[in-house]
Amino acid sequence: MLTTTVYPYILNERSVFISLEDVMTHTDDAVAPEQEHFDALIADDSRIEPRDWMPEAYRKTLTRQISQHAHSEIIGMQPEANWITRAPSLKRKSILMAKVQDEAGHGLYLYSSAETLGTPRPVLNDQLLTGRAKYSSIFNYPARTWADMGAIGWLVDGAAICNQVPLCRASYGPYGRAMVRICKEESFHQRQGWEILYELSHGTDAQKKMAQDAVDRFYGPALQMFGPPDADSPNSQQSMAWNIKRFSNDELRQRFVDMIVPQAEALGLTLPDPDLVWNEERQHYDYGELDWDEFMSVIKGRGPCSVQRMKRRREAHENGAWVREAAAAYAERQAARAAEAANHEDHETETAPSSQRPAAQLIGA
Amino acid sequence: MSTFASQESATKISAGESISSESIAESGATASEDVAQYAMRLGDDALILSQRLGWWIARAPELEEDIALSNIALDLIGHARFLLTYAGTAWNKSEDDLAYFRPEEEFRSCRLVEQENGDFGQTIARQLIFSMYQYELYKALAESSDPTLAAIADKAVKEVEYHVDHASQWILRLGLGTEESRRRIAAGLEYMWPYVEELFTDDELIDRLDGVAVRPSSLEEAAMRGIRSVLAEAELEVPEVAQARLTSEVRDGSYSEHRGYILAEMQSLARQHPGATW
């Protein structure tokens, strides 16, 4: 167990088991020069690439962190997809669909990035479906009203950005590069969320009430997205030493609180924390104690929508099995046909060496 | 058309230029009653199909397909916004007035797009039929004498070309994939087939809009050739099922039982807050 706090989403203490034996050629027993090279790259704040040797624990930590981020994107599509068919204007419907589509795209970049560490996407997906891998607990809360689309964009994506911007400099190259693209889109999402709340908070009384209610419900869980307080997160140190994590949970949470207080004022909405007050000495906002019992209980699968979210993901996977099987069977058929055609051509020409034709065999594969 | 590009144009909209529903609203182009009715038909088809496809997001067989189906839904809602905005110029109504505050019987969508998603095969069957039809429609409409309709169609046809490709690629995979996929896509095609004829049915509105609207019957040959050719390649039969007759002389009076449910969901929030902005 390397870290209880993972950036940008939260992990359970239980680690995800990955059978590294299957996918790794290197182990920690590898010769010292490799470890030296790795350490030097980290010391230089340079990038580790998939071809580089890396300690098993580094590979495992990253695989878990990246795949859990991917799972969070995928499960995170659900609360927002809940409002696509009911979005109150065509413009909002269109923006929301584009946003949920972006999240599927983020999931894809991240799964691809995790795959470069040696674990294939179906294995990662299976870890999600069987409950061995976790995703951000925030998505286990219901999106009951349209204003939740605003609160999720502003607070949840806002917290994700605070978490993710430093990750663009994560020591693992494919992860850092994926995060650059993701952050650009996330900041767009956050602005859209803020704009939804702005319209509501400057709208009718019913709309204002809806906006305030959404902020009241999402504020606490959004602050918890940064993970437990530093004192309860002793293993974050290793991630920081590896230049994966750059700031502690509490540092990032503070940055987020400082960012949203003036934004909430601009919205004309209040944040549901009586202890929220500017501290002149610290030059930061103080904020109240968060409900960590609730947090732990949601992480352990007792979130209001935990069962529902997993059920829907499993159903989508199961209902799509026949489609994926058909696509695989078709690809095989096409590959066999291409091979047959190439073979036939061989017999006809008997001149060109077969090594010149591997591309033809890949078509449709 | 480029000959006139430097000349002053009656509207700001012309083929080949980027358009948005805002630019249509601000262009000064005003649809006549008949043109508005026509634009509303096409816009409603796009809107209802987008609404149907939106359901698939976070439910598709693969992540890539969540992205593909939402992309198609996004293209369609874009078309709907252009067309409804243009239609609304006739009555001083916005796209949202038309989408959210028109009652069921005033929608003009065809029955095909209203049909239930069913399984992925059923959805893809609808996509194949509708995309082939819509591709031929927009291709012809890009030559419309109405510059706004022509500009909308010119932009949309490029997108629909991909929708045709997406549906065709899936028809091949499902038709030639496994026994189960073959059975399911065949069932999907049978389910959707009764509503094909309606797409190619002319009526008086079309007669009155000669040169502006595309005559649906003129699209049948090319669209059906496209559909038959994909089905043949996928070794699938063209379904032999009866066509569902229209319940009224004109397309505008016929719609499915599904429409009410689609609109009840789509319009519910907007109608709880009449006059609100979002």
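Counting restarts for each chain: residues are numbered from 1 in the order of the written sequence. For naming, the first written chain is A and the first written ligand is 1, with later ones following in the order written. At least 70 in pLDDT is required for a residue's local features to be given in this predicted model, at least 80 for side-chain atom pairs to be given and counted, and no such filter applies to totals for whole chains, interfaces and linings, which use all residues. For side-chain calculations, the full set of non-hydrogen atoms in the structure is used, while hydrogens and water are omitted.

You'll find chain B entered in an unreviewed UniProt entry as Phenylacetate-CoA oxygenase subunit PaaC, with Rothia koreensis given as the organism.

Moving on: the overall build of chain B. When its secondary structure is counted, chain B shows 12 helices and zero strands. Helix and strand assignments follow DSSP, with helices taken as H or I runs no shorter than four residues and strands as E runs no shorter than two, numbered in order from the N terminus. Listed N to C, the secondary structure of chain B is α-α-α-α-α-α-α-α-α-α-α-α in terms of helices and strands. Against the compact-globule benchmark of 19 Å for 278 residues, chain B has a radius of gyration of 19 Å, which places it among compact chains. With a 1.4 Å probe rolled over the protein chains alone, any residue whose accessible area is under 20% of its type maximum counts as buried; one over 50% counts as exposed, and the rest are partly exposed. The buried share among the 278 residues of chain B stands at 58%. Throughout, a contact is declared for two residues whenever any of their heavy atoms are within 4.5 Å. A separation threshold of at least 6 residues defines the contact pool for chain B, and within that pool the share at least 24 residues apart is 79%. Of the roughly 11700 Å² of accessible surface on chain B, a fraction of 47% belongs to carbon and sulfur atoms. Averaged over its 25 positive side-chain charges, chain B has a centre that lies 2 Å from the centre of its 49 negative ones. The size measure is the radius of gyration over C-alpha atoms, and the globule rule it meets is 2.2 Å times the number of residues to the 0.38 power. Methods summary: accessible areas were calculated by the Shrake-Rupley approach with a probe of 1.4 Å, and residue burial reflects only the protein chains presented. The charge count treats Lys and Arg as positive and Asp and Glu as negative. His and the chain ends do not count. Lysine's charge is taken at NZ, arginine's at CZ, aspartate's at CG and glutamate's at CD.

The number of helices and strands found in chain A is 14 helices and two strands. Burial status across chain A gives 55% buried among its 365 residues. Across chain A, the fraction of contacts at a sequence separation of at least 24, relative to all contacts at a separation of at least 6, is 79%. Total accessible area on chain A is roughly 15700 Å²; 52% of this is exposed by carbon and sulfur atoms.

We now examine the pattern of salt bridges. Residues and elements named next belong to chain A. Any Lys or Arg side-chain nitrogen found within 4 Å of a carboxyl oxygen on Asp or Glu counts as a salt bridge. In the structure shown here, the tally under the stated rule is 32 salt bridges over all chains. Of the charged contacts, one joins Arg253 and Asp250 as a salt bridge, the two residues approaching to 2.7 Å between their closest N and O atoms. You can see Arg253 and its partner Asp250 sitting in helix α10 (residues 249-267), three residues apart, about one turn around the helix. Given a relative accessible area of 1%, Arg253 falls into the buried group. Residue Asp250 is classed as partly exposed on the basis of its relative accessible area of 25%. Overlapping salt bridges, with partners in common, bring together Glu80, Lys99, Glu103 and Asp157 in one network.

Here the focus is the environment of Tyr195(B). Residues and elements named next belong to chain B. Looking at where Tyr195 falls in the secondary structure, it is placed in the loop between α8 (179-192) and α9 (196-199). Separated by 47 residues in the primary sequence, Tyr195 and Ala242 have C-alpha atoms spaced 9.3 Å apart. Those residues in contact with Tyr195 that sit more than four places away from it in its chain are Arg111, Leu112, Gln115, Gln243 and Ala244.

All names here are of chain A. Of note, Asp45 is a non-glycine position whose phi angle comes to about 55 degrees, a positive value. Mapped onto the secondary structure, Asp45 falls in the loop between α2 (32-43) and α3 (56-81). We classify Asp45 as partly exposed; its relative accessible area is 41%. Positive phi, close to 60 degrees, is recorded for Asn243, a residue that is not glycine. You can call Asn243 buried: its relative accessible area is 12%.

Another point: the packing of helix α3 (residues 63-88) of chain B against helix α7 (residues 147-176) of chain B. Residue and element names in this part refer to chain B. To get an axis, fit a line to the C-alpha atoms, keeping to the stretch in contact for a helix; angles then go from 0 to 180 degrees between the N-to-C directions. Put simply, α3 and α7 touch, their axes get as near as 11 Å, and they point 160 degrees apart. Between α3 and α7, the interaxial angle falls into the category roughly antiparallel. The interaxial crossing formed by α3 with α7 has left-handed handedness. Only Thr148, Leu149, Ile152, Lys155, Ala156, Glu159, Val160, His163, His166 and Trp170 of α7 make contact with α3, whose side of the interface consists of Glu65, Ala68, Leu69, Ile72, Asp75, Leu76, His79, Phe82, Leu83 and Tyr86. Classifying every residue of the contact of α3 with α7 by side-chain character gives 12 nonpolar, four polar and four charged. Here roughly perpendicular refers to angles of 65 to 115 degrees, roughly parallel to angles under 35, roughly antiparallel to angles over 145, and oblique to all remaining angles. In this scheme the handedness of a crossing depends on how the near helix is turned from the far one: anticlockwise by less than a right angle means left-handed, clockwise means right-handed. Charged residues are taken to be Asp, Glu, Lys and Arg, nonpolar residues to be Ala, Val, Leu, Ile, Met, Phe, Trp, Tyr, Cys and Pro, and polar residues to be all remaining types, Gly included.

The next point concerns the interface of chain A and chain B. Across the boundary between the two partners, chain A contributes 46 residues, which contact 49 residues of chain B. When two components associate, each loses some accessible surface as probed by a 1.4 Å sphere; the sum of these losses over both components is called the buried area. Counting each side, the surface lost to burial between chain A and chain B is near 4100 Å², with a carbon and sulfur contribution of 66%. Put simply, chain A and chain B have three salt bridges between them. Put simply, Arg333(A) and Glu235(B) hold a salt bridge, and the shortest N to O gap is 3.5 Å. Here a polar contact is recorded for every N or O atom pair within 3.5 Å, except that within protein the pair must consist of a potential hydrogen donor and a potential acceptor, and residues adjacent in sequence are included only if both atoms are side-chain atoms. Along the contact surface separating chain A from chain B lie 15 residue pairs in polar contact (both at pLDDT 80 or more). Mapped by element, the contributors of at least two residues to the side of chain A that touches chain B are α3, α4 (90-115), α7 (173-201), α8 (205-224), α12 (306-319) and α13 (321-349) of chain A. Here the side of chain A that touches chain B takes 14 residues from α4(A), the largest share from any one element. Its residues placed into classes, the side of chain A that touches chain B shows 25 nonpolar, 10 polar and 11 charged.

Below, the discussion takes up the confidence of the model for chain B. Residue and element names in this part refer to chain B. Predictor confidence is given residue by residue as pLDDT, running from a minimum of 0 to a maximum of 100. Averaged over every residue, the pLDDT of chain B is 93; the share at 70 or more is 92%. Segment residues 1-11 is flagged for pLDDT under 50; beyond a separation of four residues in sequence, or across chains, it makes three contacts in the model. The ipTM, which scores confidence in the relative placement of chains, is 0.93 for this predicted complex, and the corresponding pTM is 0.89.

All right, on to the nonpolar core then. Residues enter a nonpolar core if they are buried and are Ala, Val, Leu, Ile, Met, Phe, Trp, Tyr or Cys, with the set joined through side-chain atoms within 4.5 Å. Trp146(A) and Tyr38(B) are the most contacted members of the largest nonpolar core, which totals 181 residues. If sequence neighbours within four positions are ignored, Trp146(A) has contacts with Trp83(A), Ala87(A), Pro88(A), Arg92(A), Leu96(A), Ile196(A), Leu200(A), Met210(A), Leu269(B) and Trp278(B).

Describing an aromatic ring pair means giving the distance of the ring centres and the angle of the ring planes. All names here are of chain A. Note on ring pairs: Phe, Tyr and Trp rings are taken, using the six-membered ring of Trp, and paired if centres are within 6.5 Å. Classes follow the plane angle, with under 30 degrees stacked, over 60 edge-to-face and the rest tilted. Tallied over the full model, the rule gives 12 aromatic pairs over all chains. Look at Phe38 and Tyr58: their rings are 5.0 Å apart centre to centre, the planes differ by 75 degrees, and that puts the pair in the edge-to-face class. Remark: Tyr58 occurs in helix α3 and Phe38 occurs in helix α2; sequence separation between them is 20 residues. Note on Phe38: relative accessible area 1%, which makes it buried. Looking at Tyr58, the relative accessible area reads 0%, which means it is buried. Above the ring of Trp83, the side-chain terminus of Arg86 is found at 3.7 Å from the ring centroid. The criterion is that NZ of a Lys, or CZ of an Arg, lies within 6 Å of the ring centre and within 35 degrees of the ring normal, and then a charge sits over that ring. The ring of Phe247 carries the charged tip of Arg255 above its face, separated from the ring centre by 4.3 Å.

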